[in-house]
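As a plain string of letters, each chain reads:
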Amino acid sequence: MQPAAGLPGSWAGRFMSSLLASWRTGSTVSVDHDGEQAGFTLRPVPDPHVPGTAGGMNTLGIVRDRLLAALASPVTPVDVPRPDGTWPDIDYAGEDVADWQPAEHLRRLAVLARDSPAEALRALDGWLELDLHCPNWWYNQLGAPRLLGDAALLLERHLSADRRSRVARVLHNRATWERMTGQNLLWTAQVAIRRGLLTDDLHVVSDAFGRVEELLAVGEGEGIQPDHSFHQHGAQLYSGGYGHHFARDAAALAALAAGTPLAFSGRALAVLADYLLDGQRWMVHGGRYDIACMGRESSRRGNSAQARELAAAARALADAPRRQELADFADRLDSGKPLVVGARYFWRSDYLAVHRPGWSAAVKLSSTRTVPSETANGEGLKSLHLCDGFVPLWRTDREYPELWPVWDWRHLAGTTTVYRTGPLHVPAFGQDTGGSRFAGGLSDGEYGLAAMHLRRDGLEARKAWFFFADEYVALGAGISSGDPDAPVHTTIDQTALTGQVVCGSTIHGPGTTVHGPGTTVHGPGTTVHGPGTTVCQGARRLHHDGVTYVFPEPATVTIRTGLRRGRWADINRSQSDAPLSARVLELWIDHGVRPGDASYAYIVVPGEAGAPEAISVLANTPRLQAVRHGGLGVVHAVFHEPGVLRVPGGPDIAVDRPALLQLREAGDRLSLSTAGPYGHGDSAGVSIHRGGAPEVERPRS
């Protein structure tokens, strides 16, 4: 388990920037500490008598100097400890498993070690004397030893033989390789590297780098997946949490070892480059991670913005393949430009990412093959529906940041839920899965679709999303629930409230303003239910903050606007309990209590370029959901069972088993893409007929 404050993101960002600078210059890095210069020289020392020398190169010396240069980055000064080496404001009896307060002692120790060695040695002795243990094993085995190793390296020339031996013994005894996987194994390697540098043991350092190189491979266990997503704690999408730390830390180790016998192989660097470009890059929207790929880490304040640290990680891979793409990725991330354009489905993680020049979106599905966003250590307390078809939409960076504490977590955009009151169910740690095998997606790199059979809390629904160039379509069918007391809601959006909300009874033309300064709600089919809540009947169009929501058939939509209040502690017990507020917009369709076969359909148009009138819904039933974009000549279909789709004025498409399908028409030319809904390798037999004659036949492979 990874804690909330084991290694602050700001520290990690400075570490990466300093490390990259020291690796590139190969000379002296100087850092000013209140007028004093601390210099670290990065140079190979070809001396066969120096411990750690390999092939005429002082390997340990190079790695040590690079690490020290990175650790010497400027930090905020701290107060000196008491004579016993402790601080009066730290609760040394604290037992918070997510944000263990005694770890603050080690962070301050590392600060003092930079320029106040006498005070730092007193704090070091105080820590070793306390010999504290946290209820969370992560701090004991990884977080605390890593910080202790940093401080010891900064103090190395001031350490007595006894102190050096005691620190090395703690690092050896606490950080063991047993049962470590994925990012936890990489953290263990970081501790081992610090121990090996303190004891001048090249074997220990080499073994640690070798174990990390073994991690730089795709596989189906925890770590980098064949589709370049990242799993931790089972088949759980964690690219923006553990996977972020993995990308950042592996890149830092690559820079530490570059040009030495410890350097990662070209194969390993290629895997890491692919992971950043074909995985991480797609999970970032508006400079932030999609919280659906962050696990419980999404409930830590400001944590989604750590995605910006990927720029330094990309630049650290100067020896890797695709280096120009990496440099461009870093520059775009720093400048706020779109990172990529296209669509990509991550089949190992039930996740579709779509990026356009002016907007981006994602869909997180759940299935029996994947683990939903976890709740653990008092974190992620309201994440139950985060993987049930959550579809966030970004046009700027202001749609969602810091809304998590005040959100209605039963009204996540794209989800269909039984809208009960009271606390949300807390899923079992790393054990729960989705309720159905049917979840899949398809992309040809430009367009994409995703679909799932939702089964949760006695609710069932067939849900599908179809992404085109400038708009996307959401369909739902077969929605049923046996709960006699709670209604079922499909949430169209929940986002920051910016400006007016307009509801129209036609796709084009003026509408009724239902929210705005001095607004009086009026017009046929519009009623007000309490402060800030409006029901628009017969709605064909809603508009808010540059986004238009279009309904192919008249719909009854509930609009709720206003100030929402909450605390970070409501979603993460280790976070602040200070009250917060934000203005929020919620849009949803109410299917009523105990629906038997409800459905919905809407089109989302971010910006002005969309052409919703070119889109037609061909089918929206529990058996088949399909749409056609006439302007693009694209048909998307989700066959929930074997059947035939008859495209008006076009071909008949038949499949012999459940399948997802895209058909592109360009004159007389047809191109077909298919995917199965049950995981990789699933296939279906497809035939396309026009005028009774077979035009395309794809037998099941």
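The model shown is predicted, which means the values in this text are computed figures rather than measured ones.

Definitions and limits used
- Residues numbered from 1 in each chain as written.
- Predicted model: local features only at pLDDT ≥ 70, side-chain atom pairs only at ≥ 80, totals over all residues.
- Heavy atoms only, no water.
- Pairing = 2+ DSSP bridges.
- Helix = DSSP H or I, 4+ residues; strand = E, 2+ residues; numbered from the N terminus.
- Contact = heavy atoms within 4.5 Å.
- Axes fitted to C-alpha atoms, helices over the stretch in contact; angles between N-to-C directions.
- Buried < 20%, exposed > 50% of the residue type's maximum accessible area, 1.4 Å probe, protein only.
- Salt bridge = Lys/Arg side-chain N within 4 Å of Asp/Glu carboxyl O.
- Expected span 1.5 Å × (residues − 1).
- Phe/Tyr/Trp six-rings, centres within 6.5 Å; stacked < 30°, edge-to-face > 60°.
- Lys NZ or Arg CZ within 6 Å of the ring centre and 35° of its normal.
- Left-handed = near helix turned anticlockwise from the far one by under 90°.
- Nonpolar A, V, L, I, M, F, W, Y, C, P; charged D, E, K, R; others polar.
- Arc of directions from axis to C-beta.

1. A closer look at the sheet that holds strand β10 (residues 351-355)
- Pairing is antiparallel in the open sheet, where 4 strands are placed in the order β9-β10-β11-β12. The sheet terminates laterally at β9 (342-346) and β12 (393-394), the two strands that pair on one side only.
- Both β9 and β10 contribute to a ladder of 5 bridges, which runs antiparallel. Within β10, the residue paired with Y345 across the bridge is L352.
- Where helix α10 (residues 266-283) meets the sheet, it contacts β9 and β10, and its direction lies at approximately 100° from that of β9.

2. Regarding the pairing of strand β16 (residues 459-467)
- Most of β16 sits inside the fold, with 7 of its 9 residues counted as buried.
- Sheet analysis places strand β15 (residues 448-456) next to β16, joined by 9 bridges and oriented antiparallel. Looking across to β16, one finds that H453 is bridged to R462.
- Between β15 and β16, which pair antiparallel in sequence order, lie 2 residues; one of them, D457, sits at a positive phi of approximately 55°.
- In this structure, the hairpin formed by β16 and strand β17 (residues 472-481) is closed by a connection of 4 residues.

3. What to know about the pattern of salt bridges
- On inspection of all chains with the given rule, the structure shows 39 salt bridges.
- Between D388 and R456 there is a salt bridge, with the nearest N and O atoms lying 2.5 Å from each other. Here D388, found in the loop between β11 (360-364) and β12, pairs with R456, found in strand β15; they are 68 residues apart in sequence, far enough to count as distant.
- A relative accessible area of 2% means that D388 is categorised as buried.
- One salt bridge in this structure joins R420 and D457, with 3.6 Å as the shortest N-O distance. Residue R420 is found in the loop between β13 (416-418) and β14 (439-443), and its partner D457 is found in the loop between β15 and β16; the two are separated by 37 residues along the sequence.
- R420 gets classed as partly exposed once you look at its relative accessible area, which sits at 29%.
- A relative accessible area of 38% means that D457 is categorised as partly exposed.

4. Points about unusual backbone geometry
- Residues other than glycine seldom take positive phi values, yet D350 does so here, at roughly 55°.
- For D350, the location among the structural elements is in the loop between β9 and β10.
- Within the chain, D457 stands out as a residue other than glycine whose phi angle is a positive 55°.

5. Things to note about helix α7 (residues 182-198)
- With 17 residues, α7 extends 25 Å between its outermost C-alpha atoms, agreeing within 8% with the 24 Å of an ideal straight helix rising 1.5 Å per residue.
- Counting buried positions along α7 gives 17 out of 17 residues, so the element sits mostly inside the fold.
- Directly after α7, the chain includes D200, whose backbone phi takes a positive value near 55°.

6. Here's the deal with the packing of aromatic side chains
- By the definition in use, this model includes 19 aromatic pairs.
- A ring pair is formed by F346 and Y351, whose centres lie 6.1 Å apart and whose planes are at 50°; its orientation type is tilted.
- Grouping aromatic residues by their ring pairs yields a cluster made of W100, W127, W138, Y139, W187, Y238 and Y242.
- Between the NZ or CZ atom of R211 and the centre of the ring of W177, over which it lies, the distance is 4.1 Å.
- Sitting over the ring of Y678, R437 keeps its end group 4.2 Å from the ring centre.

7. Structural notes on the environment of L148
- Relative to the assigned elements, L148 resides in helix α5 (residues 137-154).
- Among the residues examined, L148 registers a relative accessible area of 1% and is labelled buried.
- A C-alpha to C-alpha distance of 9.7 Å links L148 and A103, two positions 45 residues apart in sequence.
- Aside from chain neighbours lying at most four places away, what touches L148 is L106, L109, L124, W127, V167, V170 and L171.

8. Comments concerning the pairing of strand β32 (residues 669-675)
- Here strand β31 (residues 659-666) pairs with β32 via 7 bridges, running antiparallel. Each residue of the ladder has a partner; that of Q662, found in β32, is S673.

9. A look at the sheet that holds strand β26 (residues 615-620)
- In spatial order, the strands read β26-β27-β28-β31-β32; together these 5 strands make up an open sheet with antiparallel pairing. This sheet does not close on itself; its edge strands, each paired only once, are β26 and β32. Each strand of the sheet is rotated relative to its neighbour by a mean of 10°, with strand direction disregarded.
- Judged from the 5 bridges that link them, β26 and strand β27 (residues 624-629) form a sheet pairing that is antiparallel. Counterpart to S616 in the pairing with β27 is R628.

10. A look at the packing of α7 against helix α9 (residues 242-257)
- In contact at an axis separation of 9 Å, α7 and α9 are set at 35° when each is read in the N-to-C sense. Crossing hand, α7 versus α9: left-handed. Residues Q183, N184, L186, W187, Q190 and I193 of α7 touch α9, and the partners they reach there are Y242, H245, F246, D249, A250 and L253.
- When its residues are assigned to classes, the contact of α7 with α9 shows 7 nonpolar, 4 polar and 1 charged.

11. Some remarks on helix α12 (residues 323-335)
- Here α12 is 13 residues long and its end C-alpha atoms lie 18 Å apart, about the 18 Å a rise of 1.5 Å per residue gives.
- Among the residues of α12, L326, F329, A330 and L333 are the ones counted as buried. Take α12 and look down its axis: the buried residues cluster within an arc of 95°, on one side only.

12. Digging into the packing of α9 against α10
- The interhelical angle for the contact between α9 and α10, taken along N-to-C directions, is 145°, at an axis separation of 11 Å. Relative to α10, α9 is oriented so that their crossing is left-handed. Note on element contacts: α10 touches α9 through L269, L272, Y275, L276 and Q280, opposite G243, H244, F246, A247, A250, A251 and A254.
- Along the lines of polarity and charge, the residues of the contact of α9 with α10 split into 9 nonpolar, 3 polar and no charged.

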